[in-house]
Each structure stands twice: as structure tokens, then as C-alpha cells.
Amino acid sequence: MARRLRVSSAGVPEHIIQRGNNRQATFACEEDMQAYIGWLKTYSKKYKVSVHAWVLMTNHVHLLCTPSSANGISQMM
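First things first, this report covers the structure right here in the doc. All values reported here derive from a predicted model rather than from experimental measurement.

Definitions and cut-offs
Residues numbered from 1 in each chain as written. Predicted model: local features only at pLDDT ≥ 70, side-chain atom pairs only at ≥ 80, totals over all residues. Heavy atoms only, no water. Helix = DSSP H or I, 4+ residues; strand = E, 2+ residues; numbered from the N terminus. Contact = heavy atoms within 4.5 Å. Polar contact = N/O pair within 3.5 Å; in protein donor to acceptor, adjacent residues only side chain to side chain. Pairing = 2+ DSSP bridges. Axes fitted to C-alpha atoms, helices over the stretch in contact; angles between N-to-C directions. Phe/Tyr/Trp six-rings, centres within 6.5 Å; stacked < 30°, edge-to-face > 60°. Buried < 20%, exposed > 50% of the residue type's maximum accessible area, 1.4 Å probe, protein only. Core = buried A, V, L, I, M, F, W, Y, C linked by side-chain atoms within 4.5 Å.

Relative to the helices and strands, Gln18 is located in strand β1 (residues 14-19). Once the C-alpha coordinates of Gln18 and Ser68 are considered, the two residues, 50 residues apart in sequence, prove to be 20 Å apart. Excluding residues that lie within four positions of it along the chain, Gln18 makes contacts with Tyr36, His60, Val61 and Met77. A distance of 2.6 Å separates the side chain of Gln18 from the side chain of Tyr36, its partner in a polar contact.

Here the focus is the sheet that holds strand β2 (residues 49-56). Taken in spatial order, the 3 strands line up as β1-β3-β2 in an open sheet, and their pairing is antiparallel. The outermost strands of the open sheet, each flanked by one partner alone, are β1 and β2. Averaged over all pairs of adjacent strands, the angle between their axes in this sheet comes to 25 degrees, without regard to strand direction.

Okay, the environment of His52 next. Structurally, the position occupied by His52 is in strand β2. Not counting residues within four places of it along the chain, the set of residues in contact with His52 comprises Leu64, Cys65 and Thr66. Engagement of the side chain of His52 in a polar contact is seen with the side chain of Thr66, the distance being 2.7 Å.

Bringing the packing of aromatic side chains into the picture now. Taken as a whole and judged by the stated rule, the model has 2 aromatic pairs. Measuring from centroid to centroid gives 5.6 Å for Phe27 and Tyr36, while their planes differ by 90 degrees, and the two rings are edge-to-face. The exposure classification of Phe27 matches that of Tyr36, with both residues buried. Between Tyr43 and Tyr47 the ring centres are 6.4 Å apart and the planes differ by 15 degrees, which places this aromatic pair in the stacked class.

Here the focus is the nonpolar core. Formed by 13 residues in total, the largest nonpolar core has its most connected members in Phe27, Tyr36, Leu56, Val61, Leu63 and Cys65. At the level of secondary structure, the elements contributing two or more residues to this core comprise α1 (30-46), β2, β3 (60-67) and α2 (72-76). Tallying contributions element by element places α1 first for this core, with 4 residues. Filtering out sequence-adjacent residues up to four positions away, Phe27 remains in contact with Asp32, Met33, Tyr36, Leu56, Met57, Thr58, His60 and Val61.

For Asn22, which is not glycine, the phi torsion reads 55 degrees and is therefore positive. Secondary-structure assignment places Asn22 in the loop between β1 and α1. Residue Asn22 is classed as exposed on the basis of its relative accessible area of 76%. Of note, Arg23 is a non-glycine position whose phi angle comes to about 60 degrees, a positive value. Among the structural elements, Arg23 can be located in the loop between β1 and α1.

Rendered as C-alpha cells:
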């Protein structure tokens with residue numbers, strides 16, 4: 001069964017959780033985390049998404065973001 005369409009509205013903060021497949025590790029080392037943060041900064045600026053907070057765990061990521069357009073977070077991610 002397909003996943004239902006995610007609803008995203010401009011100007012509404014969203015809590016995003018990104019997990020590895022089968023909850024496997026997503027970051028092997030500190031350099032992987034630094035690269036992810038760099039990409040997050042680059043693409044959040046490009047797609048005009050305000051990132052208020054992030055937490056990087058070994059097997060998942062939590063983000064608190066507010067998009068300026070309805071598809072901003074999808075484009076950023």
C-alpha cells in the first residue's frame with residue numbers, strides 16, 4: 001500500500017525525521033555528519049527553508065524546519 005501524500009504548507013514549522021534503511025547507521029564517522037550539515041546549509045538556502053534545529057544521531061536525523069514554499073522541504077531533502 002502506498003504512503004499517503006505528505007501535506008506541507010509554506011510558513012508552517014515541520015518536524016522531520018530521516019532514518020537509515022531498517023534503522024541502520026546513517027553516519028559512519030564525524031566527517032559524515034559534517035558533510036550532512038554542509039549539505040543541509042547549502043540546500044536550505046537554495047530552497048528557502050529555515051532550519052531552526054537539528055539533531056544528528058548515528059542512525060537518524062531530526063530537523064525542525066519552516067519552508068517558505070509548499071514544496072521547499074521536499075526539494076531540500
